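Residue-level listing of the chains:
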Amino acid sequence: MGTSALDLIIADDHPVFRAGIQSIVRSALGEVRLREAGSAAVLKRELAEAPADLLILDIFFPGLEPESDIAELRAKFPLMAILVVSMLTERGAVERLMRVGANGFVSKRSPPESMLKGIREVMEGDRPVYLPPAGPGRPMPTADNPVHALPPRQSDVLKLICLGLSNKEIAKELDLSVSTVRAHVSALFQKLGVTNRTAAATFGINHGALHSAHEAD
């Protein structure tokens, strides 16, 4: 790649999650050309316009057939690194994706440092990368971190915001009413000092919300 900026595509159907990944990548890697795709059709358009150095791909993605499409991407773009970022937990399924062409896997539940580790190792290309969810009990060592001061239920809501879920999806996931989730979201905005979901997700990802102390409960 020489000295040119890394060309990276984030393919995920949740805008909030894409924004969080962008924040992580820009803060750590500096000069990067970032493109986004919210569906398989948009991803194909972006790749037809110009191949990427790295594709960060959620396999639970509208219009995507994971194994066959990753195999096709590998055949068409042999030099493009493909990093799967997903809630997938079955190791056998991950291994199948890597056999057909993915260079690595990072769990969406992993902390930001794992995401960066996965990106760097995939770009170095020495070996396949597999970073499953880390074990519980590794909160960020920051006593003043407001994320770690949240009550357990608000912590759960923030994690799901970071993963791109809507209020309706969060309500279903946590078995709450939508109005209760809305109240939790409003309280979160006040406590974190933000005014919208994208800012809350970015703040949460950067402050360990996907790997908070409440996971040990």
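Residues numbered from 1 in each chain as written. Predicted model: local features only at pLDDT ≥ 70, side-chain atom pairs only at ≥ 80, totals over all residues. Heavy atoms only, no water.

**Considering the nonpolar core**
Here is step 1 of the chain: Membership of the largest hydrophobic core comes to 26 residues, with the highest contact counts inside it found for Val157, Leu158, Ile161 and Ile170.
Here is step 2 of the chain: Of all the elements in the fold, those that place two or more residues in this core are helix H1 (15–29), helix H6 (152–162), helix H7 (167–174), helix H8 (178–192) and helix H9 (197–206).
Here is step 3 of the chain: With residues near it in sequence (within four places) discarded, Leu158 still touches Val147, Leu150, Leu188, Leu192, Ala200, Gly204 and Ala209.
Here is step 4 of the chain: Counting 25 residues, the second largest nonpolar core, distinct from the first, contains Leu55, Ile59, Met80 and Ala93. (Core = buried A, V, L, I, M, F, W, Y, C linked by side-chain atoms within 4.5 Å. Buried < 20%, exposed > 50% of the residue type's maximum accessible area, 1.4 Å probe, protein only. Helix = DSSP H or I, 4+ residues; strand = E, 2+ residues; numbered from the N terminus. Contact = heavy atoms within 4.5 Å.)

**Considerations on the pattern of salt bridges**
Here is step 1 of the chain: Counted under the stated rule, the structure contains 11 salt bridges.
Here is step 2 of the chain: The shortest N-O distance in the salt bridge between Asp7 and Arg35 comes to 3.1 Å. Placement of the pair is Asp7 in strand E1 (residues 6–11) and Arg35 in strand E2 (residues 32–37), with a sequence separation of 28 residues.
Here is step 3 of the chain: Looking at Asp7, the relative accessible area reads 10%, which means it is buried.
Here is step 4 of the chain: Arg35 is paired through a salt bridge with Glu46; the nearest N and O atoms lie 3.1 Å apart. Pair noted here: Arg35 is in strand E2 and Glu46 is in helix H2 (residues 40–49), with a separation of 11 residues, a long-range link.
Here is step 5 of the chain: Classification of Arg35 by relative accessible area gives buried; the value is 6%.
Here is step 6 of the chain: Shared partners join several salt bridges into a network, and the residues in it are Asp7, Arg33, Arg35, Glu46 and Glu49. (Salt bridge = Lys/Arg side-chain N within 4 Å of Asp/Glu carboxyl O.)

**Side note on the packing of aromatic side chains**
Here is step 1 of the chain: Within the structure shown, the criterion is met by 0 aromatic pairs.
Here is step 2 of the chain: Over the aromatic face of Phe17 sits the side chain of Lys108, whose NZ or CZ is 4.2 Å from the ring centroid. (Phe/Tyr/Trp six-rings, centres within 6.5 Å; stacked < 30°, edge-to-face > 60°. Lys NZ or Arg CZ within 6 Å of the ring centre and 35° of its normal.)

**Notes on the packing of H7 against H8**
Each pair of packed helices can be described by the angle between their axes along with the distance between the axes.
Here is step 1 of the chain: Two elements in contact, H7 and H8, have axes whose closest approach is 9 Å; the angle formed by their N-to-C orientations is 110°. What the angle tells us is that H7 and H8 run roughly perpendicular. Mapping the contact onto sequence places Asn167, Lys168, Ile170 and Ala171 in H7 and Val178, Val181, Arg182 and Val185 in H8.
Here is step 2 of the chain: By residue class, the composition of the contact of H7 with H8 is 5 nonpolar, 1 polar and 2 charged. (Axes fitted to C-alpha atoms, helices over the stretch in contact; angles between N-to-C directions. Parallel < 35°, antiparallel > 145°, perpendicular 65-115°, else oblique. Nonpolar A, V, L, I, M, F, W, Y, C, P; charged D, E, K, R; others polar.)

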